[in-house]
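One letter stands for each residue in the lines below.
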Amino acid sequence: MSLADAPILSADAPPNIDELGKRERNKLDKQRRIVAAATKLFQEKGFDDTTTAEIASAAGIGAGTLYLYVESKEDLLVSAFINVAGGAWTEAFDRVDPDADVVQQIMALLLHVTEHHEADRRLARSFFKELPFVHETGLADANHLVTWFLRRLADLLNDASASGKLDPDVPKGTLALNLYAQWQLLMRRLVTGRLSYAEMVTELDESVQTALWGLVSQN
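Attention in this report is confined to the structure presented alongside it.

Reading guide: rules and limits
Residues numbered from 1 in each chain as written. Predicted model: local features only at pLDDT ≥ 70, side-chain atom pairs only at ≥ 80, totals over all residues. Heavy atoms only, no water. Helix = DSSP H or I, 4+ residues; strand = E, 2+ residues; numbered from the N terminus. Buried < 20%, exposed > 50% of the residue type's maximum accessible area, 1.4 Å probe, protein only. Contact = heavy atoms within 4.5 Å. Areas by Shrake-Rupley, 256 points an atom, 1.4 Å probe, with all protein chains shown as cover. Core = buried A, V, L, I, M, F, W, Y, C linked by side-chain atoms within 4.5 Å. Axes fitted to C-alpha atoms, helices over the stretch in contact; angles between N-to-C directions. Parallel < 35°, antiparallel > 145°, perpendicular 65-115°, else oblique. Left-handed = near helix turned anticlockwise from the far one by under 90°. Nonpolar A, V, L, I, M, F, W, Y, C, P; charged D, E, K, R; others polar. Salt bridge = Lys/Arg side-chain N within 4 Å of Asp/Glu carboxyl O.

## Describing the overall build of the chain
- Secondary structure assignment for the chain yields nine helices and zero strands.
- Listing each helix as α and each strand as β along the chain from the N terminus yields α-α-α-α-α-α-α-α-α.
- Across the 219 residues that make up the chain, the buried fraction comes to 45%.
- Expressed as a percentage of contacts within the chain between residues at least 6 apart in sequence, the contacts between residues at least 24 apart total 69%.
- Accessible surface for the chain amounts to roughly 11200 Å². Of this, 50% is attributable to carbon and sulfur atoms.

The following block contains the structure:
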């Protein structure tokens, strides 16, 4: 079983530990230690310079035991992405001001996650550089989180339409996908040093304004 299949790595709610037996609790604890160790090493050394032997040692397990939980280092990067990015996106949605206009809501949402990744650029660079090339199963797991985010963003846009802040006829799923694609493109340029943070913020604001041009209520 890959770590990406474990409950702790799902974009959904984690299991209630009190309801698990001793064997399952020990297994879940080991899964968490492995992902935490991998994430910390990817932060400190980068994905390419981190070995699975180092991850196993940091997690307090044998190198052979590691492969009972994960098939490759790529699986650990996917797991780190689901936990780190998933937490950042969840927090971003929780902080959206329901009374703000839709442009402010989207900018606050995207900037929160941008700031989160900017604070740990080495790990962010690993995500944006390596994840598009992981194996099919790992990519599907990562895309599960992206799909969850797009659904949440579409819900936010639907709420904006319901409250008269956004044109009700605009296809919310398509608009959500366009906004995410623009943000992701800018993030790739940011983490690879082709944009400064200030330039990223300016271009993101221009992209959001353009995407919503003529769709936002002026009342």
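## Here we look at helix α6 (residues 121-130)
- Listing the buried residues of α6 in full gives Leu123, Ala124, Ser126, Phe127, Phe128 and Glu130.
- Against α1 (22-45), α4 (73-94), α5 (102-118) and α8 (172-191) lie the buried residues of α6.

## Some remarks on the nonpolar core
- Among the nonpolar cores identified, the biggest contains 69 residues, and Phe149 and Trp183 are the most heavily contacted of them.
- Within the residue set of this core, elements represented by two or more residues are α1, α2 (52-59), α4, α5, α6, α7 (136-162), α8 and α9 (197-211).
- In this structure Trp183 touches Trp89, Leu110, Val113, Thr114, His117, Phe128, Met200 and Leu204, once residues within four positions along its chain are discounted.

## Overview of the packing of α7 against α8
- Viewed as axis vectors pointing N to C, α7 and α8 meet at an angle of 120°, and their least axial separation amounts to 8 Å. Between α7 and α8, the crossing angle belongs to the class labelled oblique. For α7 against α8, the interelement crossing comes out right-handed. Contacts from Val146, Phe149, Leu150, Leu153, Ala154, Leu157, Asn158 and Ser161 in α7 reach Lys172, Gly173, Leu175, Ala176, Leu177, Leu179 and Tyr180 in α8.
- Partitioned by chemical class, the residues of the contact of α7 with α8 number 11 nonpolar, three polar and one charged.

## Examining the pattern of salt bridges
- Counted by the stated rule, this structure contains seven salt bridges.
- Note that Glu54 is salt-bridged to Lys45, the shortest N-O span being 2.5 Å.
- Glu54 gets classed as partly exposed once you look at its relative accessible area, which sits at 28%.
- One salt bridge in this structure joins Glu118 and Arg121, with 2.8 Å as the shortest N-O distance.
- The exposure class assigned to Glu118 is partly exposed, which follows from its relative accessible area of 26%.

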